[in-house]
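Below, each chain spelled out in residue letters.
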Amino acid sequence: MFFTPGTHKENGLPHNPFKAIVAPRPIGWISTISTDGKPNVAPYSFFNAMSETPPIVGYSAGPSASGSANGEKDSLVNARETGEFVVNIVSKQQIQAMSDTSADLSHGVSEFDFAGLQAAPASLVKAPMVADAPCQLECKLLDIIALPEAPDGTRNHWVMGEVIGIHIADHVIVDGKVDVLKYNPAARLGYMDYATIEEVFAVQRPTL
Ligand SMILES: Cc1cc2nc3c(=O)[nH]c(=O)nc-3n(C[C@H](O)[C@H](O)[C@H](O)COP(=O)(O)O)c2cc1C
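Cut-offs applied
Along each chain, residue indices are assigned from 1 in the same order as the chain's sequence is written. It should be noted that, the model being predicted, local features are given only for residues of pLDDT at least 70 and side-chain atom pairs only at 80 or more, the latter also being counted only at that level, while totals for whole chains, interfaces and linings use all residues. With hydrogens and water excluded, all non-hydrogen atoms of the structure serve as input to the side-chain values. Just to be clear on terms, a salt bridge is a Lys or Arg side-chain nitrogen sitting within 4 Å of an Asp or Glu carboxyl oxygen. Only DSSP runs of H or I covering at least 4 residues are called helices, and only runs of E covering at least 2 are called strands; the numbering of each starts at the N terminus. Throughout, near means a residue has at least one heavy atom within 4 Å of the molecule or strand. Under the rule applied, a polar contact is a pair of N or O atoms within 3.5 Å (in protein, one hydrogen donor and one hydrogen acceptor; residues adjacent in sequence only if both atoms are side-chain atoms). Areas reported here follow the Shrake-Rupley algorithm with a probe of radius 1.4 Å; residue values treat only the protein chains shown as occluding. Three classes are used: nonpolar for Ala, Val, Leu, Ile, Met, Phe, Trp, Tyr, Cys and Pro, charged for Asp, Glu, Lys and Arg, and polar for all others, with Gly counted as polar. A pair of strands is considered paired only if DSSP assigns at least 2 bridges between the two. Lines fitted to C-alpha atoms define the axes, with helix axes restricted to the stretch in contact, and inter-axis angles between N-to-C directions lie between 0 and 180 degrees. We call two residues contacting when some pair of their heavy atoms lies within 4.5 Å. For every residue, the accessible area (1.4 Å probe, protein chains only) is compared with the maximum for its type, and the residue is labelled buried under 20%, exposed over 50%, or partly exposed between those bounds. What we call a nonpolar core is a set of buried Ala, Val, Leu, Ile, Met, Phe, Trp, Tyr and Cys residues that are connected through their side-chain atoms within 4.5 Å.

Draft legend 1. A look at the pattern of salt bridges. Summed over all chains, the structure comprises five salt bridges. With its nearest N and O atoms 3.3 Å apart, the salt bridge here joins Lys140 to Glu84. Within this pair, whereas Lys140 is found in strand S9 (residues 135-146), its partner Glu84 is found in strand S6 (residues 84-88), the two being separated by 56 residues in sequence.

Here's what the structure looks like:
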């Protein structure tokens, strides 16, 4: 089949398949702190790494239903106002807690408390980290790019940061490498679906 964006229903697909097509996506579980010191954490699956050296990551925040007054999500507002954020990686055991932190709580209500999560201090930024995450990336804000307007007049904002500090839980390191089956980062698929890694294989690059 072929269709243009926005016409999936006319083409027999009741749910937009875009996120099921661009899958699996890593989840950036973004923790920030507001200028008045309120911690915040929320999952973003429009998230990825953009470069290795220097290490750059980014996430895209859509409009907020009832968060801050200007219709922006707290993870966007806090990153813009404080110039920093932390990416926490979600372990398989934390998928439910991660999902709980996507609740549309009012500005200033802590998702850490709501989801029963422990916060831990970061080393180089003021934003707190999710204590039990297998990996945390401390980031300094690089740029925020407003993406094109949606038909309803809302916009997503692409938040980019440089990773300035990396935490890896000791138990996921085996023989000097991150063992992905121990790390087992949760990934987002389409609809309400998630995936974890069950099988790993290597492919060598061509040598010419
Ligand atoms: C797995 C998962 C991935 C999500 N990815 C995104 C995303 O990429 N962009 C977005 O705007 N919202 C995303 N959401 C919804 C936000 O987490 C949710 O709107 C949250 O309340 C935002 O919180 P904040 O205002 O504290 O930033 C996602 C939710 C879940 C459960």
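Draft legend 2. Here's a closer look at the site of the ligand. In the region of the ligand, 18 residues are neighbours, and Asn40, Tyr44, Gly62, Lys73 and Ser75 sit closest. At 2.9 Å from a nitrogen atom of the ligand is found a main-chain nitrogen or oxygen belonging to Ser60. The side chain of Glu111 places a nitrogen or oxygen atom 3.3 Å from an oxygen atom of the ligand. When the ligand is considered free in solution it has 640 Å² of accessible area, and contact with the protein chains removes 86% of it. With four residues, strand S3 (residues 39-44) is the largest single contributor of residues to the shell around the ligand. Of the residues assigned to the shell around the ligand, the class counts are eight nonpolar, six polar and four charged.

Draft legend 3. Focus on the sheet that holds strand S4 (residues 47-51). Taken in spatial order, the seven strands line up as S3-S2-S6-S9-S10-S5-S4 in an open sheet, and their pairing is antiparallel. Unpaired on one side and paired on the other, S3 and S4 mark the two borders of the sheet. Strand-to-strand twist of the sheet, defined as the mean angle between neighbouring strand axes without regard to direction, takes the value 35 degrees. In this fold helix H2 (residues 74-82) packs onto strand S2 (28-33), S3, strand S5 (56-61), S6, S9 and strand S10 (157-168), with an angle of close to 55 degrees to the strand it touches most, S2.

Draft legend 4. Local environment of unusual backbone geometry. Backbone torsion omega between Ala23 and Pro24 reads 0 degrees, so that peptide bond is classified as cis. Along the chain, Pro24 falls in the loop between helix H1 (18-21) and strand S1 (25-26). Thr53 connects to Pro54 through a cis peptide bond whose omega is -5 degrees. In the Ramachandran plot, Asp175 falls in the positive-phi region, its phi being about 50 degrees despite a non-glycine side chain. Here Asp175 lies in the loop between strand S11 (173-174) and strand S12 (177-178). The phi torsion at Tyr191 lies on the positive side, around 55 degrees, for a residue other than glycine. Turning to its location among the elements, Tyr191 is positioned in the loop between strand S13 (187-188) and strand S14 (194-195). On the basis of relative accessible area, Tyr191 is assigned to the partly exposed category, the value being 45%.

Draft legend 5. Fine view of H2. The complete set of buried residues in H2 reads Asp74, Ser75, Leu76, Val77, Asn78 and Ala79. Of the surrounding elements, those touching the buried residues of H2 are S2, S3, S5, S6, S9 and S10.

Draft legend 6. Here's a closer look at the nonpolar core. Ranked by size, the top nonpolar core spans 19 residues in total, and within it Val57, Tyr59, Phe85, Val87, Leu137 and Cys139 carry the most contacts. Those elements that place two or more of their residues in this core are S3, S5, H2, S6, S9 and S10. Listed in part, the 13 residues of the second largest apolar core include Trp29, Ile95, Met98 and Ala186.

Draft legend 7. Quick look at the sheet that holds S13. Here three strands make up an open sheet; going across it, the order is S1-S13-S14 and the pairing antiparallel. Strands with a single pairing partner mark the edges of an open sheet, and in this sheet they are S1 and S14. Note: S13 against S14, two bridges, orientation antiparallel. Note that in S14 the partner of Arg188 across the bridge is Tyr194.

Draft legend 8. The arrangement of the pairing of S5 in detail. Counting buried residues along S5, six of its six residues qualify, which places the element largely inside the surrounding structure. Side chains Ile56, Gly58 and Ser60 project from S5 onto one buried face, and the interleaved Val57, Tyr59 and Ala61 project onto a second face that is buried too. In this structure, S4 lies alongside S5, joined through four bridges in antiparallel fashion. Looking across to S5, one finds that Ala49 is bridged to Val57. Linkage of S4 to S5, two consecutive antiparallel strands, is achieved through a turn of four residues. Pairing of S5 with S10 involves six bridges; the strand directions are antiparallel. Looking across to S10, one finds that Tyr59 is bridged to Val159.

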